[in-house]
Amino acid sequence: MKIADILNSKKVSLSFEVFPPKKQEALESIKNTAINLTALKPDFISITYGAGGTTQAYTAEIAEAIEKAGTTSLAHLTCVRSTTDALQYIIKNLKEKNITNVLALRGDFPKDAVKGENVFPSGFCHASDLVSLLKKEGFCVGGACYPEGHPESLSRDTDIENLKHKVDAGVDFLTTQMFFDNDMLYSFLYRLQSAGIHVPVLAGIMPITNANQVSRMVDLSNAYIPRKLLSICDRFRNSPEAMMQAGIAYATDQIIDLISNGVRGIHIYTMNKAEIASAILKNVSEIIKATNN
């Protein structure tokens, strides 16, 4: 089923994200995690794509397993280091596996790129280029967005302009990078409306269940970490069970506030931990149910 149709039919959607393993021997374990997540009845599950496409085959394989388990999948695809032939092969493979939803990404600039290397051999230098191709191929296409601005953007205004190009290319919905202060999202949504961007926006929630995650999250998403979350991490840093419980509670509070303020899509970055997704869903299931009735 196309995710655009799911989003149009619900007042609030809930989705999860998993990432493929780096090594073949871990593939079955991640597949099992994904299948366990399907038992929670999310609206869809997205599967990320390794840097430079290193786990592309695993992305498609996990997406296929999710579809066979009866849940809609969203396969990520990047254009970094992808040739035109490689992209066409991937698209053909996705179609053969009956995967109809793709999240189009430029991809992180490779850290091991050598001077003079063309990291965009397909000529697709931006996610918007990939969006156009995928739409022509009949996919429902999602895009990524950054409530606090892309780390590489010169300004938030420039970031919104670039996002508008992506939406104009045919993006059906957007998923935000993680954020930890809901006011950042509300401000971002207002700016999107002002710029004429009206596609559904799914709020990306990352449960911080390990205090050491915080610095990495800042690097990845340019996210502001509120004092409340910093205090939680500082207080429970050396107690894994307490930190997990506190992180789940913090993410739950974020989700309840978002739904209460009319946000229609919640996307949980599970870090391949079905038990964390399950705990959060237990906290908000009746809230989502009541909102959708």
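Here the residue index of a chain counts from 1 through its sequence in written order. Predicted model: local features are reported for residues with pLDDT of at least 70 only, side-chain atom pairs are reported and counted for 80 or more only, and whole-chain, interface and lining totals are derived from all residues. Working from all heavy atoms in the structure, the side-chain values ignore hydrogens and water.

Tell me about the pairing of strand β3 (residues 73-78), residues and numbers included.
Across the 6 residues that make up β3, a large majority, 6, are buried. Only protein chains enter the accessibility calculation, which uses a 1.4 Å probe. A residue is then buried if its area is under 20% of the maximum for its type, exposed if over 50%, and partly exposed in between. Numbering of helices and strands runs from the N terminus, with a helix taken as a DSSP run of H or I at least four residues long and a strand as a DSSP run of E at least two residues long. Of the two faces of β3, both are covered, the one formed by Ser73, Ala75 and Leu77 as well as the one formed by Leu74, His76 and Thr78. Pairing between strand β2 (residues 44-47) and β3: 3 bridges, direction parallel. In the strand pairing of β3, Ile47 is matched with Ala75. Sheet analysis places β3 next to strand β4 (residues 101-105), joined by 4 bridges and oriented parallel. Its bridge partner lying in β4, Thr78 is registered against Leu105. Handedness of a crossover is defined as follows: with both strands directed away from the viewer, a clockwise route from the first strand across the helix to the second makes it right-handed. Handedness of the β-α-β unit built from β3, helix α4 (residues 84-96) and β4 comes out right-handed. We treat two strands as partners when DSSP finds at least two bridges between them.

An account of the pairing of strand β6 (residues 173-176) is needed here, citing residue identities and associated values.
Burial along β6 is two-sided: Phe173 and Thr175 and Leu174 and Thr176, pointing in opposite directions, are all buried. Relative to β6, strand β5 (residues 140-145) runs parallel, the two being bridged by 4 bridges. Looking across to β6, one finds that Gly142 is bridged to Phe173. The parallel pair β5 and β6, bridged by helix α6 (residues 156-168), forms a crossover whose chirality is right-handed. Relative to strand β7 (residues 201-205), β6 is paired through 2 bridges, and the arrangement is parallel. Bridge pairing links Thr175 to Leu202 in β7. Taken together, β6, helix α7 (residues 182-194) and β7 constitute a β-α-β crossover, and its handedness is right-handed.

So what about the packing of α7 against helix α10 (residues 240-260)? Which residues, and what values?
Two quantities define a packed helix pair, namely the angle between the helix axes and the distance between the axes. Between α7 and α10, the least distance of the axes is 10 Å, while the angle of their chain directions is 30°. Here α10 runs roughly parallel to α7, going by the angle between their axes. Handedness of the α7/α10 crossing: right-handed. Here Asn182, Leu185 and Tyr186 of α7 lie close against α10, whose contacting residues are Gln254, Asp257 and Leu258. Class assignment of the residues belonging to the contact of α7 with α10 gives a composition of 3 nonpolar, 2 polar and 1 charged. All axes are obtained by fitting lines to C-alpha atoms, using only the stretch in contact for helices, and the reported angles, taken between N-to-C directions, cover 0 to 180 degrees. Each angle is binned into one of four classes, with values under 35 degrees roughly parallel, values over 145 roughly antiparallel, values of 65 to 115 roughly perpendicular, and all other values oblique. Left-handed describes a crossing whose near helix is turned anticlockwise from the far helix through less than a right angle; right-handed describes the clockwise counterpart. Contact between two residues is taken to exist if any of their heavy atoms lie within 4.5 Å; hydrogens are not considered. We call Asp, Glu, Lys and Arg charged. Ala, Val, Leu, Ile, Met, Phe, Trp, Tyr, Cys and Pro are nonpolar, and the rest, Gly among them, are polar.

Outline the sheet that holds β3, supporting the account with residue identities and numerical values.
Judged by pairing direction, the barrel is parallel, and its 8 strands sit side by side in the order β1-β2-β3-β4-β5-β6-β7-β8 before closing back on the first. Here the strands of the sheet are splayed against their neighbours by 30° on average, with no regard to which way each runs. Of the pairings in the sheet, the one linking β7 to strand β8 (residues 265-269) comprises 3 bridges and is parallel in character. Following the sheet pairing, Ala203 is matched in β8 by Ile266.

Describe in detail the packing of aromatic side chains, supporting the description with residues and values.
What counts as a ring pair is set by centres within 6.5 Å for rings of Phe, Tyr and Trp (its six-membered ring), and what kind of pair is set by the plane angle: stacked under 30 degrees, edge-to-face over 60, tilted for all other angles. The final tally for this structure, using the stated rule, is 1 aromatic pair. Arranged with centres 6.3 Å apart and planes meeting at 55°, the rings of Phe44 and Phe173 form a pair that is tilted. With a gap of 129 residues between them, Phe44 in strand β2 and Phe173 in strand β6 connect regions that are remote in the sequence. Note on accessibility: Phe44 and Phe173 belong to one class, buried.

So, the pattern of salt bridges: which residues are in play, and what are the values?
When a carboxyl oxygen of Asp or Glu lies within 4 Å of a side-chain nitrogen of Lys or Arg, that pair is called a salt bridge. This model, assessed by the stated rule, comprises 10 salt bridges. Between Lys10 and Asp43 there is a salt bridge, with its nearest N and O atoms 2.8 Å apart. Of this pair, Lys10 sits in the loop between α1 (3-9) and β1 (13-18) while Asp43 sits in the loop between α2 (27-38) and β2, and the two are 33 residues apart along the sequence. Between Lys31 and Glu28 there is a salt bridge, and its shortest N-O distance comes to 3.6 Å. Note that Lys31 and Glu28 are positioned in helix α2 at a spacing of 3 residues, about one turn of the helix. In this structure Glu28 comes out as partly exposed when scored by relative accessible area, which is 46%. Via salt bridges that share partners, Glu28, Lys31 and Glu61 belong to a single interconnected network.

Please set out the side chain of Asp159 residue by residue, giving values where relevant.
Structurally, the position occupied by Asp159 is in helix α6. No salt bridge is formed by the buried Asp159, whose closest oppositely charged neighbour, Arg191, lies at an N-O distance of 6.2 Å. Excluding residues that lie within four positions of it along the chain, Asp159 makes contacts with Tyr146, Gly149, His150 and Ser153. Positive residues here are Lys and Arg, negative ones are Asp and Glu, while His and the chain termini are left out of the count.

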